[in-house]
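Descriptive structure summary
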Amino acid sequence: MRIIYLLSLAAAVCFTAVTITDITHIWILPIGFVAAAVGLSLAYWLILGMFAIFYSTKKEYEKPSPLSLFLLNAAYWFVCSAARVMVRVNGAEKIPLDRRFLFVSNHLSRFDPMIESLVLRKTPMAFISKPSNFKIPIGRHFMNRSCYIAIDRESPRNAAKAISRAAELLKKDAVSIAVYPEGHRGTGYTLQDFKPGCLKAATKAGCPIVVAVISGTEKIHKNFPWRRTNVTLDIIDVIETESKEKTVDLSEHIREEMQRQLTERKKK
């Protein structure tokens, strides 16, 4: 977003310098800046829309497109920059970038997957998400081509199918998977009950689980556009899994770790 602001300012200054003949016409500068910013933003989304045409929303892909992931993260960056989000990451060195993993985190805002995807952009990562997100114009094309998985938690059969697909993608070393064990957005520093079944994606694939907590994203909507929002992502632990491991016990352990970290974060 800063690039767009800088380009808009440069365009406005150049246009003003060429067109004004009197200092009283200086009002052209702010109007030119706004017009340039709007025009560049529209052009940016138009380009994304043109690429989206080539990505099917019905086909089930076996591996994500690097270009699709790049453009999806570019859109996330645009939105987070416009919302004036500043992210601090603790424990990034724990992330096993040489392996596929299941990423689990608490969920506070629609900004969570955007921020986490940007933080983990060095490794391909797809999110398990609710079906309504796959109706978002333009975004749904990139989500599907990036191997995002829709899960209907009201249908046990559909949920099991989604987790099996996640496990297959992990087994094939196609992409890392991110999931929110709470199933729904939380409201603060107290976690909701976990859905342990989602962890079967890791135990079936025999891949590690990266445990994280995010804080601050619930304030973005309140702060925008007047104030910047500081967001913290803590990478707590990396847990190795086994195929015979009970997901209920694993879920309890992970929830305890996450709740402990959130309690500590609340004190700061």
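For the structure, see preceding data.
This write-up is about the structure you can find in this document. (Residues numbered from 1 in each chain as written. Predicted model: local features only at pLDDT ≥ 70, side-chain atom pairs only at ≥ 80, totals over all residues. Heavy atoms only, no water.)

Let us now look at the nonpolar core. Among the nonpolar cores identified, the biggest contains 70 residues, and Leu 102, Phe 103, Ile 177, Ile 209 and Ile 254 are the most heavily contacted of them. Among the elements that line this core, the one with the most residues is helix H3 (residues 66–82), at seven residues. Not counting chain neighbours up to four residues away, the residues in contact with Ile 254 comprise Val 104, Phe 194, Leu 199, Ile 209, Val 211 and Ile 239. (Core = buried A, V, L, I, M, F, W, Y, C linked by side-chain atoms within 4.5 Å. Buried < 20%, exposed > 50% of the residue type's maximum accessible area, 1.4 Å probe, protein only. Helix = DSSP H or I, 4+ residues; strand = E, 2+ residues; numbered from the N terminus. Contact = heavy atoms within 4.5 Å.)

It is worth spelling out the environment of Asn 90 at this point. Structurally, Asn 90 can be placed in strand S1 (residues 85–90). Spatially, the C-alpha atoms of Asn 90 and Leu 233 are 6.3 Å apart, while their sequence positions differ by 143 residues. Not counting residues within four places of it along the chain, the set of residues in contact with Asn 90 comprises Thr 232, Leu 233, Asp 234, Ile 235 and Arg 265. Of note is the side chain of Asn 90, whose polar atom sits 3.5 Å from the side chain of Arg 88. (Polar contact = N/O pair within 3.5 Å; in protein donor to acceptor, adjacent residues only side chain to side chain.)

Strand S7 (residues 229–239) sits mainly inside the fold: eight of its eleven residues count as buried. As paired elements, S1 and S7 share six bridges and run parallel to each other. Residue pairing across strands places Val 85 opposite Thr 229, the latter belonging to S7. One ladder, built from seven bridges, connects strand S6 (residues 209–215) with S7; its direction is antiparallel. Paired with Ile 209 across the strands is Ile 239, a residue of S7. (Pairing = 2+ DSSP bridges.)

Below, the discussion takes up the side chain of Thr 203. Inspection of the secondary structure assignment puts Thr 203 in helix H7 (residues 200–205). Separated by 3.2 Å, the side chain of Thr 203 and the backbone oxygen of Lys 200 make a polar contact.

Quick look at the sheet that holds strand S4 (residues 149–150) now. The sheet built from seven strands is open, its strands ordered S1-S7-S6-S2-S5-S3-S4 with mixed pairing. Here the strands that pair on one side only, and so sit at the sheet edges, are S1 and S4. The sheet strands contacting helix H4 (residues 112–119) are S1, strand S2 (102–104), strand S3 (125–129), S6 and S7, and the helix crosses S3 at an angle near 165 degrees. (Axes fitted to C-alpha atoms, helices over the stretch in contact; angles between N-to-C directions.)

Take the packing of aromatic side chains next. Evaluation of the coordinates by the stated rule reveals four aromatic pairs. Seen from their ring centres, Phe 127 and Tyr 148 are 5.8 Å apart, and the 45 degrees between their planes marks the pair as tilted. Of this pair, Phe 127 sits in strand S3 while Tyr 148 sits in the loop between helix H5 (139–145) and S4; the two residues are 21 residues apart in sequence, bridging distant segments of the chain. Tyr 148 shares its class with Phe 127; the two are buried. Here the aromatic rings of Phe 127 and Tyr 180 are separated by 6.2 Å at their centres, their planes lie at 35 degrees, and the arrangement is tilted. Here Phe 127 is found in strand S3, whereas its partner Tyr 180 is found in the loop between strand S5 (176–179) and H7, with 53 residues between them in sequence. For Tyr 180, a relative accessible area of 7% corresponds to the buried category. Among the aromatic side chains, those forming a connected cluster through ring pairs are Phe 127, Tyr 148 and Tyr 180. A cation sits over an aromatic face here: Arg 145 above Tyr 61, 4.1 Å from the ring centre. (Phe/Tyr/Trp six-rings, centres within 6.5 Å; stacked < 30°, edge-to-face > 60°. Lys NZ or Arg CZ within 6 Å of the ring centre and 35° of its normal.)

It is worth spelling out the environment of Cys 207 at this point. Relative to the assigned elements, Cys 207 resides in the loop between H7 and S6. Between the alpha carbons of Cys 207 and Lys 171 there is a distance of 7.9 Å; along the sequence they are 36 residues apart. Residues contacting Cys 207, with those up to four places away along its chain left out, are Arg 100, Phe 101, Leu 102, Leu 170, Ala 202 and Thr 241.

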